[in-house]
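Now for the letters of each chain:
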Amino acid sequence: MSIKPVITVPDEILRKKSASIENVDDNVKKLAKDLLDTMYKSNGIGLAAVQIGILKRILVIDVSTKDEKKNPLCFINPKIKNFSDEKSVYEEGCLSIPDTFIEIERPKICEVEYIDINGKLKNIECDGLLSTCLQHEINHLDGKLIIDNLTKLKRDIIIKKISKNKKNPNRVIV
Ligand code: NI
């Protein structure tokens, strides 16, 4: 089990584009495991490799509910092939942007081509939370964050607040 620190804004690495993975070798499998361990430990439902400082196109997701069995999914080099005109809105958070939730409208259904953890090319059509989560994580691979949907002023306020909290890691609110 290997839990990595999750990188938060304004770290510039979060703005970089991740590179495609050529081979699903043991290193990639180990990375997928680290991502899942880190995601579960952080109580997230999705995590992209860039969020632990690795600029590779791989992400993990688990949208199962608390009462359900865990359902870890791993997507390598995911590409959105199609999406619906119909939209859905979720209030989204991000492990790289602590304590911030933003309502975001995205295509409700998307079709994504990806390579699975066994190196097989797959296709998935997803809807609901999985669709939104996958689109959010694919955005990470291209350096895009949910705060990009806000005005620059709002974005700056959020980043400033998070930077301040980083300098005071032991501050408590009672
Ligand atoms: Ni995120």
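Coordinates for the structure precede this section.
Residues numbered from 1 in each chain as written. Predicted model: local features only at pLDDT ≥ 70, side-chain atom pairs only at ≥ 80, totals over all residues. Heavy atoms only, no water.

Participant: Help me understand the overall build of the protein chain in this model?
Facilitator: Each helix and strand in the protein chain was counted, giving three helices and seven strands. Its C-alpha radius of gyration of 16 Å places the protein chain within 12% of the 16 Å reference for a compact globule of 174 residues. Projected onto its principal axes, the C-alpha positions of the protein chain cover 45 × 40 × 35 Å. Classification of the 174 residues of the protein chain by burial places 41% in the buried group. In the protein chain, the share of contacts with a sequence separation of at least 24, taken over all contacts with a separation of at least 6, comes to 62%. If you sum the accessible surface of the protein chain, you get close to 10,400 Å²; carbon and sulfur atoms cover 51% of it. (Helix = DSSP H or I, 4+ residues; strand = E, 2+ residues; numbered from the N terminus. Rg over C-alpha atoms; globule rule 2.2 N^0.38 Å. Buried < 20%, exposed > 50% of the residue type's maximum accessible area, 1.4 Å probe, protein only. Contact = heavy atoms within 4.5 Å. Areas by Shrake-Rupley, 256 points an atom, 1.4 Å probe, with all protein chains shown as cover.)

Participant: Help me out: how do you make sense of the sheet that holds strand 3 (residues 73-83) in this one?
Facilitator: Hydrogen bonds between backbone groups are what pair the strands of a sheet, and the pairing can be parallel or antiparallel. If you walk across this open sheet you meet the five strands as 1-2-3-6-7, and the pairing is antiparallel. The open sheet terminates on both sides in strands that have one partner only, identified here as strand 1 (46-48) and strand 7 (121-126). Each strand axis lies, on average, 40° off the axis of its neighbour in the sheet, ignoring direction. Here six bridges tie strand 6 (residues 110-115) to strand 7, and the two strands are oriented antiparallel to one another. When the bridges of strand 7 are listed, glutamate 113 appears paired with asparagine 123. Most of the contacts of helix 1 (residues 26-41) go to strand 2 (residues 58-61), to which it runs at about 40°, and overall it touches strand 1, strand 2 and strand 3. Where helix 2 (residues 128-141) meets the sheet, it contacts strand 1, strand 2, strand 3, strand 6 and strand 7, and its direction lies at approximately 155° from that of strand 2. (Pairing = 2+ DSSP bridges. Axes fitted to C-alpha atoms, helices over the stretch in contact; angles between N-to-C directions.)

Participant: What should I look at first to understand the coordination of the nickel ion in this one?
Facilitator: Octahedral six-donor coordination of a metal ideally yields angles of 90 or 180 degrees, compared with 109.5 degrees for tetrahedral four-donor coordination. The coordination sphere of the nickel ion, as far as protein atoms go, consists of Cys94 (SG), His136 (NE2) and His140 (NE2), spread over 2.1 to 2.3 Å. For histidine 136, a relative accessible area of 8% corresponds to the buried category. (Donors = N, O, S within 2.8 Å, 3.2 Å for Na, K, Ca; no water.)

Participant: It is not clear to me how the pairing of strand 5 (residues 97-107) should be interpreted in this structure. Could you clarify?
Facilitator: Within a regular strand, side chains alternate between the sheet's two faces. Examined bridge by bridge, strand 4 (residues 87-94) and strand 5 share seven bridges and lie antiparallel to one another. When the sheet's bridge partners are listed, tyrosine 90 is paired in strand 5 with isoleucine 104. Connecting the antiparallel pair strand 4 and strand 5 is a turn made up of two residues.

Participant: I would appreciate a short explanation of the environment of leucine 141 in the present structure.
Facilitator: Along the polypeptide, leucine 141 turns up in helix 2. Using a relative accessible area of 0% as the deciding quantity, one classes leucine 141 as buried. Separated by 127 residues in sequence, leucine 141 and leucine 14 have C-alpha atoms that sit 8.6 Å apart. Apart from the residues within four sequence positions on either side, leucine 141 is in contact with Lys16, Lys17, Ser18, Ala48, Lys56, Arg57, Ile58, Leu59 and Pro78.

Participant: Is there a simple way to explain the nonpolar core in this structure?
Facilitator: Proteins that are soluble and globular tend to have nonpolar side chains buried together. Of all hydrophobic cores here, the largest spans 29 residues; its most connected members are Leu59, Ile97, Leu134 and Ile147. Put simply, the parts of the chain that give this core at least two residues each are strand 2, strand 5, strand 6, strand 7, helix 2 and helix 3 (152-167). Every residue in contact with isoleucine 97, bar those within four places of it in the chain, is listed here: Val9, Leu145, Ile146, Ile147, Ile158 and Ile162. (Core = buried A, V, L, I, M, F, W, Y, C linked by side-chain atoms within 4.5 Å.)

Participant: How do you make sense of helix 2 when you look at a structure like this?
Facilitator: Each α-helix turn comprises 3.6 residues. Residues three or four places apart therefore point the same way. With 14 residues, helix 2 should cover 20 Å at 1.5 Å per step; its first-to-last C-alpha distance of 21 Å lies within 8% of that length. Of all 14 residues that make up helix 2, 11 are buried, and the element is covered over most of its length. At the exit of helix 2 stands glycine 143, carrying a positive phi of roughly 75°. (Expected span 1.5 Å × (residues − 1).)

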